[in-house]
Structure formats: C-alpha cells, structure tokens
Amino acid sequence: MSDWIEVCKVEDLKPGQHVVVEVDGTEVAVFNLDGGFYAIEDVCTHDGAEIASGEVEGDVIVCPRHGARFCIKTGEVLSPPAYEDLHVFPVRVKDGMVQVRDDR
C-alpha cells in the first residue's frame, strides 16, 4: 500500500473535470463529480484500454472503445461488454489538496 499522492489543488479540478495521474505505476483517473472526488483505475476491464477519455453521464463513464458503462463512484460495471468492476482508489482532501493512494 502506498502513501497518499497529491493530485492537484481542490480548486484546480472543477466539477465535471478529471485528471489522470500515475500511482505506483498505475494510471488513475480522478474525477470531480459535483464537488466530490473519486478515483478509478484508467483501464477498461473489458479489453484493457484506457477509459478516462470516455463520456461522463452523471456518475457513469462510458468506455470510448466498446461502450461498457461503469459507475465512477463505486467502480461497478453497469453494462456489457465488460463484466468485471473497475478498481476504485481511496481519495481524500487534505490541506486543500486532492490526494489518492493505492490500496491494492
């Protein structure tokens, strides 16, 4: 398990935006959904492609390659062709900074 990694200042990640950072060699997409911060592994469980560039609809991200849908908040797969959930990383705000860590 890693230490907390600073992603950005809270004010730099506006609602509806996301940023991709590397955490312990893994690409992690951090989202601001209506002021709440969430982090998922930036890999679709269907085919291993990145997912962060997909369309966000509320708290759902749609894989840009084959259309699998996942809940950003929980990582839960919501539609095929994916059948495995995304890994969700712990996120916190400390001293005005969004932080994430690898808990795998």
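The rules behind the values
- Residues numbered from 1 in each chain as written.
- Predicted model: local features only at pLDDT ≥ 70, side-chain atom pairs only at ≥ 80, totals over all residues.
- Heavy atoms only, no water.
- Pairing = 2+ DSSP bridges.
- Helix = DSSP H or I, 4+ residues; strand = E, 2+ residues; numbered from the N terminus.
- Axes fitted to C-alpha atoms, helices over the stretch in contact; angles between N-to-C directions.
- Buried < 20%, exposed > 50% of the residue type's maximum accessible area, 1.4 Å probe, protein only.
- Polar contact = N/O pair within 3.5 Å; in protein donor to acceptor, adjacent residues only side chain to side chain.
- Patch = residues over 30% accessible without salt bridge, like charges linked within 9 Å, V, L, I, M, F, W, Y side chains within 5 Å.
- Areas by Shrake-Rupley, 256 points an atom, 1.4 Å probe, with all protein chains shown as cover.
- Salt bridge = Lys/Arg side-chain N within 4 Å of Asp/Glu carboxyl O.
- Lys, Arg positive; Asp, Glu negative; His and termini not counted.
- Charge placed at Lys NZ, Arg CZ, Asp CG, Glu CD.
- UniProt positions renumbered as here; feature names shortened; annotations may be inferred.
- Disulfide = S-S within 2.5 Å.

Caption draft 1: Quick look at the sheet that holds strand β10 (residues 91–94). Pairing within the open sheet is antiparallel, and its three strands lie in the order β1-β11-β10. This sheet does not close on itself; its edge strands, each paired only once, are β1 (5–9) and β10. Adjacent strand axes in the sheet meet at a mean angle of 30°, parallel and antiparallel pairs treated alike. Bridge count between β10 and strand β11 (residues 97–100): four bridges; the pairing is antiparallel.

Caption draft 2: Summary view of the side chain of Asp102. Within the secondary structure layout, Asp102 lies in the segment after β11. Taking relative accessible area as the criterion, Asp102 reaches 6% and is therefore assigned buried. Among the polar contacts listed, one links the side chain of Asp102 to the side chain of Arg104, at a separation of 2.8 Å.

Caption draft 3: A look at a negative patch on the surface. A contiguous patch of negative charge, built from Asp3, Glu22, Asp24 and Glu27, is present on the exposed surface. Assignment of secondary structure puts Asp24 in the loop between β2 (18–23) and β3 (26–33). Given a relative accessible area of 52%, Asp24 falls into the exposed group.

Caption draft 4: Structural detail: the pattern of salt bridges. One pass over the full model with this rule turns up three salt bridges. A salt bridge links Arg65 to Asp47, with the shortest nitrogen-to-oxygen separation between them at 2.7 Å. Highlighted residues: Arg65 in the loop between β6 (60–62) and β7 (69–71) and Asp47 in the loop between β4 (36–41) and β5 (55–57), separated in sequence by 18 residues. Of the charged contacts, one joins Asp102 and Arg104 as a salt bridge, the two residues approaching to 2.8 Å between their closest N and O atoms.

Caption draft 5: Looking closely at the UniProt feature "domain: Rieske" (unreviewed entry) in the chain. Within this numbering scheme, the UniProt entry marks residues 5–100 as carrying the feature "domain: Rieske" (unreviewed entry). Taken as a whole, residues 5–100 contains 0% helix and 49% strand, while its terminal C-alpha atoms sit 5 Å from one another.

Caption draft 6: Representation of the pairing of β4 in the model. Strand direction decides the pairing type here: β3 and β4, joined by six bridges, are antiparallel. Looking at the pairing, Ala29 lines up with Ile40 of β4. Hairpin geometry of β3 and β4 is characterised by an intervening segment of two residues between the two adjacent antiparallel strands and by a positive phi of about 55° at Asp34. With two bridges joining them, β4 and strand β9 (residues 88–89) adopt antiparallel strand pairing. Of the residues in β9, the one forming a bridge with Ile40 is Val88.

Caption draft 7: Expanded view of the state of the cysteines. What the rule picks out here adds up to zero disulfides. Free cysteine: Cys63, not disulfide-bonded; nearest cysteine sulfur from Cys44 at 3.8 Å. Under the relative-accessibility criterion, Cys63 is labelled buried at 4%.

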